[in-house]
Amino acid sequence: MLERAGAFREVGAGIQVSPNAGRVLDALDVGAAFAAISAPSHGVELRDGSGGALVARLDYTRHRPDARFRAVHRARLLDVLEAAARKAGATIRLGEHVTDLPDAPLLIGADGLHSRVRTALNGPERPFFTRQVAWRALIPLEDGGAPLSQLFMGPGRHLVSYPLAGRLRNIVAVEEREAWAAEDWSQPDDPANLHAAFAGFGGPVPGWLEQVETCGIWGLFRHEVAGRWHDGTRAILGDAAHPTLPFLAQGACMAIEDAWVLAACLDAEPEQETALARYQALRRPRAVRVVDAATANARNYHLDGLPKHAAHAALRLASAAAPGVLFHRVAWVFDHDPTRLS
Ligand SMILES: Cc1cc2nc3c(=O)[nH]c(=O)nc-3n(C[C@H](O)[C@H](O)[C@H](O)COP(=O)(O)OP(=O)(O)OC[C@H]3O[C@@H](n4cnc5c(N)ncnc54)[C@H](O)[C@@H]3O)c2cc1C
């Protein structure tokens with residue numbers, strides 16, 4: 001494996017890992033190691049950004065008591081996966097920036113948003129700026145921090161926060177705006193800009209933002225799901241194949257699902273080209289569905305005025321009268337078991 005970074009280190013703080021990806025971690029026999037470095041998440045609370053009042057709740061423990069929803073610092077997850085890959089005999093060469101794609105019997109491009117392998121298979125891509133930026137930050141976790149994800153919705157912006165293991169709180173804040181930002185976490189931003197964007201928010205948000213000392217900013221771009229995932233000797237997975245807006249917390253989970261299915265297809269099918277075709281056939285429809293669902297969420301979180309009041313009232317009612325309805329709308333994401341190929 002060739003990786004341009006000199007070390008697997010913190011890239012963009014925390015991520016949520018839902019049971020669909022957790023099933024792969026279990027099948028890879030790293031479930032226990034993952035549990036040790038991650039924090040449980042009991043559900044999601046949707047809250048009104050201005051006062052912090054509860055709008056709706058998705059209670060994982062009630063609807064899927066046996067499933068594991070967790071949150072983890074990215075660098076710690078990478079450590080676990082790296083150790084497991086080395087133990088399984090993989091050679092990992094760090095500090096190797098691939099500029100020309102090597103000739104190999106099989107080349108797998110897990111090279112992210114700006115994938116060279118995707119370009120080789122599909123030609124250049126034209127992603128467009130969604131006019132949304134995301135800040136990411138870590139702060140210390142307060143005593144008694146609830147083990148759940150809280151999402152504060154406001155006009156043209158929302159903020160999500162959840163605890164990570166190691167007494168940390170992860171913050172992702174998204175704002176609609178005209179000014180362009182690059183699609184890259186290496187861009188630091190002044191926390192004052194984050195404060196200013198969320199100045200009208202209430203509840204715990206002002207107290208959290210006061211503690212932000214450093215943050216990164218990332219421009220959110222829409223990409224098409226790649227049409228061609230392989231050519232018989234080269235294949236793509238994860239963001240290389242289907243960059244996903246973060247509004248369903250599924251991009252990394254989908255990369256983990258892809259990796260399992262790709263390996264399983266290669267294992268089961270003696271003809272490499274047939275195996276890769278099966279991989280694409282199994283994965284592309286799900287990737288399209290997840291990418292579309294994530295894109296739709298941005299609109300729902302950022303409402304203002306009358307549409308916001310109507311939507312929040314409907315959510316409050318649904319959450320109180322039929323709490324299962326909200327969960328069941330997204331259950332197809334979490335109930336999927338990629339380790340069972342059909
Ligand atoms: C704000 C935000 C919040 C998110 N939250 C979540 C979440 O809660 N849950 C979730 O599941 N997903 C989340 N995601 C999505 C997730 O971050 C990505 O989908 C995931 O990282 C994709 O993994 P990947 O391995 O495909 O690509 P990457 O993580 O981008 O990894 C690609 C790797 O390839 C290397 N590379 C690239 N080019 C080369 C080259 N030429 N030579 C050598 N190496 C190269 C890079 O250095 C990198 O290590 C979030 C995204 C954002 C923006």
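Residues numbered from 1 in each chain as written. Predicted model: local features only at pLDDT ≥ 70, side-chain atom pairs only at ≥ 80, totals over all residues. Heavy atoms only, no water.

1. Focus: the overall build of the protein chain
Okay, so step 1: Scanning the protein chain for helices and strands turns up 11 helices and 15 strands.
Okay, so step 2: On C-alpha atoms alone, the protein chain measures out to a radius of gyration of 20 Å, which is about the 20 Å that the 2.2 N^0.38 rule sets for 342 residues.
Okay, so step 3: Along the three orthogonal principal directions, the C-alpha set of the protein chain runs to about 60 × 40 × 35 Å.
Okay, so step 4: In the protein chain, which comprises 342 residues, the share counted as buried stands at 48%.
Okay, so step 5: In the protein chain, of all internal contacts separated by at least 6 residues, the share reaching a separation of at least 24 is 79%.
Okay, so step 6: Accessible surface for the protein chain amounts to roughly 16,100 Å². Of this, 53% is attributable to carbon and sulfur atoms.
Okay, so step 7: Here the protein chain contributes 36 positive and 39 negative side-chain charges, whose respective centroids are spaced 4 Å apart. (Helix = DSSP H or I, 4+ residues; strand = E, 2+ residues; numbered from the N terminus. Rg over C-alpha atoms; globule rule 2.2 N^0.38 Å. Buried < 20%, exposed > 50% of the residue type's maximum accessible area, 1.4 Å probe, protein only. Contact = heavy atoms within 4.5 Å. Areas by Shrake-Rupley, 256 points an atom, 1.4 Å probe, with all protein chains shown as cover. Lys, Arg positive; Asp, Glu negative; His and termini not counted. Charge placed at Lys NZ, Arg CZ, Asp CG, Glu CD.)

2. A look at the sheet that holds strand S13 (residues 188-189)
Strand pairing in a sheet takes place through backbone hydrogen bonds and is either antiparallel or parallel in direction.
Okay, so step 1: Spatial strand order, S5-S4-S10-S11-S12-S9-S14-S13: eight strands in an open sheet with mixed pairing. Here the strands that pair on one side only, and so sit at the sheet edges, are strand S5 (54-59) and S13.
Okay, so step 2: Pairing of S13 with strand S14 (residues 215-222) involves two bridges; the strand directions are antiparallel. Residue Pro-188 lies in a different strand from S14, and its bridge partner there is Gly-216.
Okay, so step 3: Together, strand S4 (43-48), S5 and strand S10 (149-154) form the strand contacts of helix H10 (residues 305-321), whose direction differs from that of S5 by roughly 45 degrees. (Pairing = 2+ DSSP bridges. Axes fitted to C-alpha atoms, helices over the stretch in contact; angles between N-to-C directions.)

3. Some thoughts on the pattern of salt bridges
Okay, so step 1: Under the criterion given, the structure shown has 16 salt bridges.
Okay, so step 2: With a shortest N-O distance of 3.4 Å, Asp-48 and Lys-308 are connected by a salt bridge. Of this pair, Asp-48 sits in strand S4 while Lys-308 is found in helix H10, placing the two residues 260 residues apart along the sequence.
Okay, so step 3: Residue class for Asp-48 comes out buried when judged on its relative accessible area of 13%.
Okay, so step 4: Here Lys-308 falls in the buried class, since its relative accessible area comes to 10%.
Okay, so step 5: For Arg-286, the salt bridge goes to Glu-257, with nearest N and O atoms at 2.8 Å. Placement of the pair is Arg-286 in helix H9 (residues 272-301) and Glu-257 in helix H8 (residues 251-268), with a sequence separation of 29 residues. Exposure class is identical for Arg-286 and Glu-257. Each is buried.
Okay, so step 6: What you see here is one network of salt bridges that share partners, running through Glu-257, Asp-258, Arg-283 and Arg-286. (Salt bridge = Lys/Arg side-chain N within 4 Å of Asp/Glu carboxyl O.)

4. A few points about unusual backbone geometry
Okay, so step 1: In the Ramachandran plot, Asp-29 falls in the positive-phi region, its phi being about 70 degrees despite a non-glycine side chain.
Okay, so step 2: By secondary structure assignment, the location of Asp-29 is in the loop between helix H1 (19-27) and helix H2 (31-37).
Okay, so step 3: A relative accessible area of 70% means that Asp-29 is categorised as exposed.
Okay, so step 4: For Arg-167, which is not a glycine, the phi torsion comes out positive at approximately 55 degrees.
Okay, so step 5: Along the chain, Arg-167 falls in the loop between strand S11 (157-164) and strand S12 (168-176).

5. A few points about the pairing of S5
Okay, so step 1: Pairing of S4 with S5, which is carried by five bridges, proceeds in the antiparallel orientation. Each bridged residue has a counterpart across the sheet, and for Arg-47 the counterpart in S5 is Leu-54.
Okay, so step 2: Between S4 and S5, which pair antiparallel in sequence order, lie five residues; one of them, Gly-52, sits at a positive phi of approximately 85 degrees.

6. Quick notes on the site of the ligand
Okay, so step 1: With respect to spatial proximity, 24 residues lie near the ligand, and among them Glu-3, Gln-16, Arg-74, Arg-136 and Asp-239 are the closest.
Okay, so step 2: The separation between an oxygen atom of the ligand and a polar main-chain atom of Gln-16 is 2.8 Å.
Okay, so step 3: In this structure, an oxygen atom belonging to the ligand sits 2.5 Å away from a side-chain N or O atom of Arg-74.
Okay, so step 4: Coverage of the ligand by the protein amounts to 83% of the 1,000 Å² it exposes when considered alone.
Okay, so step 5: Ranked by residues supplied to the shell around the ligand, first place goes to H8 with three residues.
Okay, so step 6: Here the residues of the shell around the ligand sort into 10 nonpolar, six polar and eight charged. (Near = heavy atom within 4 Å. Polar contact = N/O pair within 3.5 Å; in protein donor to acceptor, adjacent residues only side chain to side chain. Nonpolar A, V, L, I, M, F, W, Y, C, P; charged D, E, K, R; others polar.)

7. A look at the domain arrangement of the protein chain
Okay, so step 1: Partitioning the protein chain into structural domains gives domain 1 (104-127 + 224-302) and domain 2 (133-222).
Okay, so step 2: A straight line from the C-alpha centre of domain 1 to that of domain 2 covers 28 Å.
Okay, so step 3: Domain 1 puts 10 residues into the contact, and the matching count from domain 2 is 14 residues.
Okay, so step 4: For the pair domain 1 and domain 2, the summed buried surface comes to about 1,200 Å²; carbon and sulfur atoms form 64% of the total.
Okay, so step 5: The largest per-residue losses of area from domain 1 upon contact with domain 2 belong to Pro-127, Tyr-301 and His-302, which jointly make up 47% of the total buried on that side.
Okay, so step 6: Linking domain 1 with domain 2 are zero salt bridges, by the criterion used here.
Okay, so step 7: Connecting domain 1 to domain 2 are three residue pairs in polar contact (both at pLDDT 80 or more). (Domains from an automatic or database assignment. Buried area = accessible area lost by both parts, 1.4 Å probe.)

8. Things to note about the sheet that holds strand S6 (residues 70-73)
Okay, so step 1: Overall, antiparallel pairing links the three strands, which are arranged S2-S6-S3 in an open sheet. In this open sheet, the two strands that pair with only one neighbour each are strand S2 (14-17) and strand S3 (38-40). Strand-to-strand twist in this sheet, taken as the mean axis angle between neighbours without regard to direction, amounts to 25 degrees.
Okay, so step 2: Judged from the three bridges that link them, S3 and S6 form a sheet pairing that is antiparallel. Paired with Ala-39 across the bridge in S6 is Ala-71.

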